[in-house]
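# Analysis of the macromolecular model
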Amino acid sequence: MKHLAAYLLLTIGGNSSPSAKDIKGVLESVGIEADDERLETLLSELKGKDIQELISEGSSKLASVPSGGSGGAAATSGGAAAGGAPAEEAKEEAKEEEKEESDEDMGFGLFD
């Protein structure tokens, strides 16, 4: 992924076909050692292809992939008919738990 990111940075900067040396230079400038095998694989896969065209093709493919995001919201309808107060308490507790879980950083940082 780091090799691709460096490649994209170079193309955005105006270098329409970055070489292995160019990509290594970008990576080394931020203290990352390039993996020659992966770098050669990336360059061979991208050779002769327009990066903008590849990005647009990839975006159209991703648009057709289902991305979930809903579920679990229909489980509380029965409790409201029997007595509204316990159901409301349960909802408040569930919201509180979700908030606490989302605040954890899971042991790693974004830039570690």
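The following paragraphs examine the structure supplied in this document. (Residues numbered from 1 in each chain as written. Predicted model: local features only at pLDDT ≥ 70, side-chain atom pairs only at ≥ 80, totals over all residues. Heavy atoms only, no water.)

### Topic: the overall build of the protein
In terms of helices and strands, the protein carries 6 helices and 0 strands. When its helices and strands are written in sequence order, the protein yields α-α-α-α-α-α. Out of the 112 residues in the protein, the part that is buried amounts to 14%. Sequence separation of at least 24 residues holds for 43% of the intrachain contacts in the protein that already meet a minimum separation of 6. Accessible surface for the protein amounts to roughly 9300 Å². Of this, 54% is attributable to carbon and sulfur atoms. (Helix = DSSP H or I, 4+ residues; strand = E, 2+ residues; numbered from the N terminus. Buried < 20%, exposed > 50% of the residue type's maximum accessible area, 1.4 Å probe, protein only. Contact = heavy atoms within 4.5 Å. Areas by Shrake-Rupley, 256 points an atom, 1.4 Å probe, with all protein chains shown as cover.)

### As for the pattern of salt bridges
Counted by the stated rule, this structure contains 2 salt bridges. Close ionic contact of Asp36 with Lys24 constitutes a salt bridge, the shortest N to O distance being 2.7 Å. With a gap of 12 residues between them, Asp36 in helix H3 (residues 36-46) and Lys24 in helix H2 (residues 20-29) connect regions that are remote in the sequence. Residue Lys24 is classed as partly exposed on the basis of its relative accessible area of 27%. Here Asp35 and Arg38 are joined by a salt bridge, their closest N and O atoms 3.7 Å apart. (Salt bridge = Lys/Arg side-chain N within 4 Å of Asp/Glu carboxyl O.)

### Observations concerning the environment of Pro18
Take Pro18: it is sitting in the loop between helix H1 (2-12) and H2. The buried category is assigned to Pro18, whose relative accessible area is 6%. Taking the C-alpha atoms as reference points, Pro18 and Tyr7, separated by 11 residues in sequence, lie 6.5 Å from one another.

### Quick notes on the packing of H1 against H2
As a packed pair, H1 and H2 sit with axes 9 Å apart at the nearest point and diverge in direction by 105°. Regarding the angle of H1 to H2, the classification is roughly perpendicular. Of the residues in H2, those touching H1 at Lys2, His3, Ala6, Tyr7 and Leu10 are Asp22, Ile23, Val26 and Leu27. Each residue belonging to the contact of H1 with H2 can be placed in one class, and the counts come to 6 nonpolar, 1 polar and 2 charged. (Axes fitted to C-alpha atoms, helices over the stretch in contact; angles between N-to-C directions. Parallel < 35°, antiparallel > 145°, perpendicular 65-115°, else oblique. Nonpolar A, V, L, I, M, F, W, Y, C, P; charged D, E, K, R; others polar.)

### Thoughts on the nonpolar core
Nonpolar side chains tend to gather and get buried jointly when the protein is soluble and globular. Listed in full, the 12 residues of the largest apolar core are Ala6, Tyr7, Leu10, Ala20, Ile23, Leu27, Ala34, Leu39, Leu42, Leu43, Leu46 and Ile51. Of all the secondary structure elements, the ones that give two or more residues to this core are H1, H2 and H3. Sequence-distant contacts of Leu43, defined by excluding residues within four places in its chain, comprise Tyr7, Pro18, Ser19, Ala20 and Ile23. (Core = buried A, V, L, I, M, F, W, Y, C linked by side-chain atoms within 4.5 Å.)

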